[in-house]
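If you want the building blocks of each chain, they are given just below.
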Amino acid sequence: QVQLVESGGGLVQTGGSLRLRCAASGRSFETYSMAWFRQAPGKDRKFVSAVAWDGTIYYADSVKGRFTISRDNAKKTLDLQMNTLEPEDTALYYCAANSVGNYYSAGSYDYWGQGTQVTVSS
């Protein structure tokens with residue numbers, strides 16, 4: 001069992017930066033693949049980025065070159081550095097753990113946090 005708590009969201013202007021953090025509790029964090037998803041009002045939850053248990057990293061095309069995912073297995077944390085933010089990045093951002101298949105699919109993750117709101121003003 002894994003509990004996930006996100007933090008770091010907020011209100012930022014276009015072009016600004018935020019760093020999200022997901023703190024995990026429980027055992028075997030280092031064996032889990034971890035990811036960030038986001039959901040805008042009225043829209044489906046969408047993949048943002050993932051880091052597999054072996055360190056392989058994946059990004060959605062929309063955030064490549066702007067967002068950086070990282071994990072610290074000793075601290076049991078997952079970070080998402082978001083630069084050059086755009087209004088289209090406005091969403092509730094979720095941390096997810098333990099993909100059992102397709103890293104890009106929300107349905108493949110077993111554990112979810114409550115989310116942290118990111119709002120980018122134009």
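The structure this text deals with has already been given above.
As the structure is a computational prediction, the values presented were derived from the model and not from experiment.

What counts and how
- Residues numbered from 1 in each chain as written.
- Predicted model: local features only at pLDDT ≥ 70, side-chain atom pairs only at ≥ 80, totals over all residues.
- Heavy atoms only, no water.
- 1 Å grid on protein atoms, 1.4 Å probe; cavity = no way out; pocket = protein on both sides within 12 Å on 5 of 7 lines; lining within 4 Å.
- Points joined across faces, edges and corners; volume = space filled by probe spheres on them.
- Helix = DSSP H or I, 4+ residues; strand = E, 2+ residues; numbered from the N terminus.
- Nonpolar A, V, L, I, M, F, W, Y, C, P; charged D, E, K, R; others polar.
- Buried < 20%, exposed > 50% of the residue type's maximum accessible area, 1.4 Å probe, protein only.
- Pairing = 2+ DSSP bridges.
- Axes fitted to C-alpha atoms, helices over the stretch in contact; angles between N-to-C directions.
- Disulfide = S-S within 2.5 Å.
- Contact = heavy atoms within 4.5 Å.
- Salt bridge = Lys/Arg side-chain N within 4 Å of Asp/Glu carboxyl O.

## Focus on the layout of surface pockets
Line of reasoning, step 1. There is about 250 Å³ of room inside the largest pocket.
Line of reasoning, step 2. Residue lining of the largest pocket: 17 residues in total, with Arg-38, Ala-40, Lys-43, Lys-46 and Glu-88 positioned closest to the centre.
Line of reasoning, step 3. Among the elements that take part in the lining of the largest pocket, strand β5 (residues 46-51) stands out by supplying three residues, more than any other.
Line of reasoning, step 4. Split by residue class, the lining of the largest pocket holds six nonpolar, three polar and eight charged.

## Comments concerning unusual backbone geometry
Across the chain, the bulk of peptide bonds are trans and the bulk of non-glycine residues have phi less than zero.
Line of reasoning, step 1. Residue Ser-28 is not a glycine yet carries a positive backbone phi of 65°.
Line of reasoning, step 2. For Thr-84, which is not glycine, the phi torsion reads 50° and is therefore positive.
Line of reasoning, step 3. Of the residues examined, Thr-84 reaches a relative accessible area of 45% and is grouped as partly exposed.

## Observations concerning the sheet that holds strand β8 (residues 77-82)
Line of reasoning, step 1. Pairing within the open sheet is antiparallel, and its four strands lie in the order β1-β3-β8-β7. Edge positions in the sheet fall to β1 (2-7) and β7 (67-72), since each has one partner strand and no second. Averaged over all adjacent pairs, the angle separating strand axes in this sheet is 15°, with direction ignored.
Line of reasoning, step 2. Where β1 lies against strand β3 (residues 18-26), six bridges are found, and the strand directions are antiparallel. Each bridged residue has a counterpart across the sheet, and for Val-2 the counterpart in β3 is Gly-26.

## A few points about the state of the cysteines
Line of reasoning, step 1. The final tally for this structure, using the stated rule, is one disulfide.
Line of reasoning, step 2. Here Cys-22 pairs with Cys-95 through a disulfide, and the sulfurs are 2.1 Å apart. Across the S-S bond of Cys-22 and Cys-95 the torsion is about -75°, and the bridge reads as left-handed. With a gap of 73 residues between them, Cys-22 in strand β3 and Cys-95 in strand β9 (residues 91-99) connect regions that are remote in the sequence.
Line of reasoning, step 3. Note on Cys-22: relative accessible area 1%, which makes it buried.
Line of reasoning, step 4. On the accessibility criterion, Cys-95 (0% relative accessible area) is buried.

## Quick look at the environment of Ile-57
Line of reasoning, step 1. With respect to the helices, strands and loops of the structure, Ile-57 is situated in strand β6 (residues 57-59).
Line of reasoning, step 2. Placed 53 residues apart in sequence, Ile-57 and Leu-4 show a C-alpha to C-alpha distance of 20 Å.
Line of reasoning, step 3. Residues in contact with Ile-57, not counting those within four places in the same chain, are Ala-50, Val-51 and Ile-69.

## A look at the pattern of salt bridges
Any two side chains of opposite charge can pair, on the condition that their charged atoms come close.
Line of reasoning, step 1. According to the stated counting rule, one finds six salt bridges in the structure shown.
Line of reasoning, step 2. The residue Arg-19 makes a salt bridge to Asp-79 at a minimum N-O spacing of 3.1 Å. Residue Arg-19 is located in strand β3, and its partner Asp-79 is located in strand β8; the two are separated by 60 residues in the primary sequence.
Line of reasoning, step 3. We note a salt bridge from Arg-66 to Glu-86, for which the minimum N-O separation is 4.0 Å. One end of the pair, Arg-66, is in the loop between β6 and β7; the other, Glu-86, is in the loop between β8 and β9, with 20 residues separating them in the sequence.
Line of reasoning, step 4. Arg-66 gets classed as buried once you look at its relative accessible area, which sits at 9%.
Line of reasoning, step 5. For Glu-86, a relative accessible area of 30% translates into the label partly exposed.
Line of reasoning, step 6. Each of Arg-38, Arg-66, Glu-86 and Asp-89 takes part in one network of salt bridges that share partners.

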